[in-house]
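Inside the fold
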Amino acid sequence: MTELLQRQIDYYRARAPEYDDWFYRRGRYDRGELHTRQWENEAQQVRDQLHSQSGFARILELAPGTGIWTSELIQIGERVTALDASPEMIAINRAKLQSGRVDYQLADLFAWRPQRQYDMVFFGFWLSHVPADKLATFLDTVKAALKPGGRLFIVDSRQPDLATAHTGTEDLGQDLQKRVLEDGRRFDIVKIYYEPSALSEILRRHGFAIEAATTKDFFLYADGVKAS
Ligand SMILES: C[S@@+](CC[C@H](N)C(=O)[O-])C[C@H]1O[C@@H](n2cnc3c(N)ncnc32)[C@H](O)[C@@H]1O
């Protein structure tokens, strides 16, 4: 594994206890009531799209983190396999959900290969951390993990400036960002923002029948299927 990808894992391991502040707009991420309300409305729009289909027997969630989306996935599926490289993230996810229907696996997604196929694959705020030169291999892995006709759902960040101000995040160019934890520790990680049309095109080239869209300011999402 490259040093950059190892540092990215180290960053999320260290960030696990404070991670939810970002999604729930608390502490350093609190930018006022109006902002929070808009964020929540847009997050709800993505949730509504996710919940537009249900009854999946087996869902694979890649990089589930603290369970913000795992908690949605167990509402639309029977079993969720949740695969993350951070034991700290998995511990928080497990403690929050306390669900016997989630199977956790500690794994590096750049080395992992699926042993079976799933009815749905989901990843939230993960695609943007996949380096450009690893994207094709990663999407091949996703394809291999999905049954023909299986559903692929992706959600990710849209506009960096609106979502991350006041936290020390800096664009370093070349798909890299500087991130700063509450205690001041600094990590450089991969962060790539996709336009919906470009993402749809990339996914279609990889064999998915899918359309990406955005909410007004904050989120990019894509919902579709593996072409049979
Ligand atoms: C931005 S968080 C997203 C968490 C969650 N999906 C969400 O939307 O809140 C990225 C997640 O990727 C995990 N991660 C980072 N590098 C990884 C790798 N190489 N293999 C597996 N998981 C990794 C981190 O531990 C973290 O949980």
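Details of the structure are given in the entry above.
Note that the coordinates shown come from a computational prediction; the quantities given were computed from them, not determined experimentally.

1. Description of the overall build of the protein chain
Helices and strands together make up the secondary structure of the protein chain, namely eight helices and ten strands. Per-residue burial over the protein chain gives 32% buried out of 228 residues. Contacts in the protein chain between residues far apart in sequence, at least 24 positions, make up 61% of those at least 6 positions apart.

2. Here we look at the site of the ligand
Surrounding the ligand, one finds 20 residues, the nearest of these being Y12, A63, G65, S86 and G124. The greatest single-element share of the shell around the ligand, amounting to four residues, is contributed by helix α1 (residues 3-15). In terms of residue class, the shell around the ligand is made up of 14 nonpolar, four polar and two charged.

3. Notes on the sheet that holds strand β2 (residues 77-84)
Hydrogen bonds between backbone groups are what pair the strands of a sheet, and the pairing can be parallel or antiparallel. Here seven strands make up an open sheet; going across it, the order is β3-β2-β1-β4-β5-β10-β9 and the pairing mixed. Two strands in the sheet have a free side with no partner beyond their single neighbour: β3 (102-106) and β9 (208-214). Averaged over all adjacent pairs, the angle separating strand axes in this sheet is 15°, with direction ignored. Sheet topology places strand β1 (residues 56-62) next to β2; six bridges connect them, and they run parallel. Residue pairing across strands places L62 opposite L83, the latter belonging to β2. Set on the sheet, helix α8 (residues 196-205) makes contact with β9 and β10 (219-226); between it and β9 the angle comes to about 165°.

4. Some words on the pairing of β9
Here β9 runs beside β10; their pairing, made up of seven bridges, is antiparallel. Paired with I210 across the bridge in β10 is G224. Between the end of β9 and the start of β10, which pair antiparallel, lie four residues.

5. Things to note about the sheet that holds strand β8 (residues 186-190)
Strand order in the open sheet formed by three strands is β6-β7-β8, with antiparallel pairing between adjacent strands. Sheet topology places β6 (170-173) and β8 at the edges, where each strand pairs with a single neighbour. The average undirected angle you get between the axes of adjacent strands in this sheet is 30°. Pairing analysis gives three bridges linking β6 to strand β7 (residues 176-180), with the strands arranged antiparallel. In the strand pairing of β7, G173 is matched with L176.

So, how was this worked out
- Residues take numbers from 1 onward in each chain, read along the sequence in its written order.
- Owing to the predicted nature of the model, reporting of local features is limited to residues with pLDDT of at least 70; listing and counting of side-chain atom pairs is limited to 80 or more, with chain, interface and lining totals taken over all residues.
- The secondary structure listing takes helices from DSSP runs of H or I that are at least 4 residues long and strands from runs of E that are at least 2 residues long, numbered from the N terminus.
- Once C-beta atoms are placed from the backbone, each residue is buried if 20 or more other C-beta atoms lie within 10 Å of its own, exposed if 12 or fewer, and partly exposed for counts between those two.
- Any two residues are considered in contact once their C-beta atoms, placed from the backbone, lie within 7 Å.
- Using a C-beta atom placed from the backbone for every residue, we mark a residue as near a molecule or strand if that atom lies within 6 Å of it.
- Gly counts as polar in this scheme, as do all residues outside two lists: the nonpolar Ala, Val, Leu, Ile, Met, Phe, Trp, Tyr, Cys and Pro, and the charged Asp, Glu, Lys and Arg.
- At least two bridges found by DSSP between two strands are what make those strands a pair.
- Angular values range over 0 to 180 degrees, each being the angle between N-to-C directions of two axes fitted as lines to C-alpha atoms, with helices fitted over their stretch in contact.

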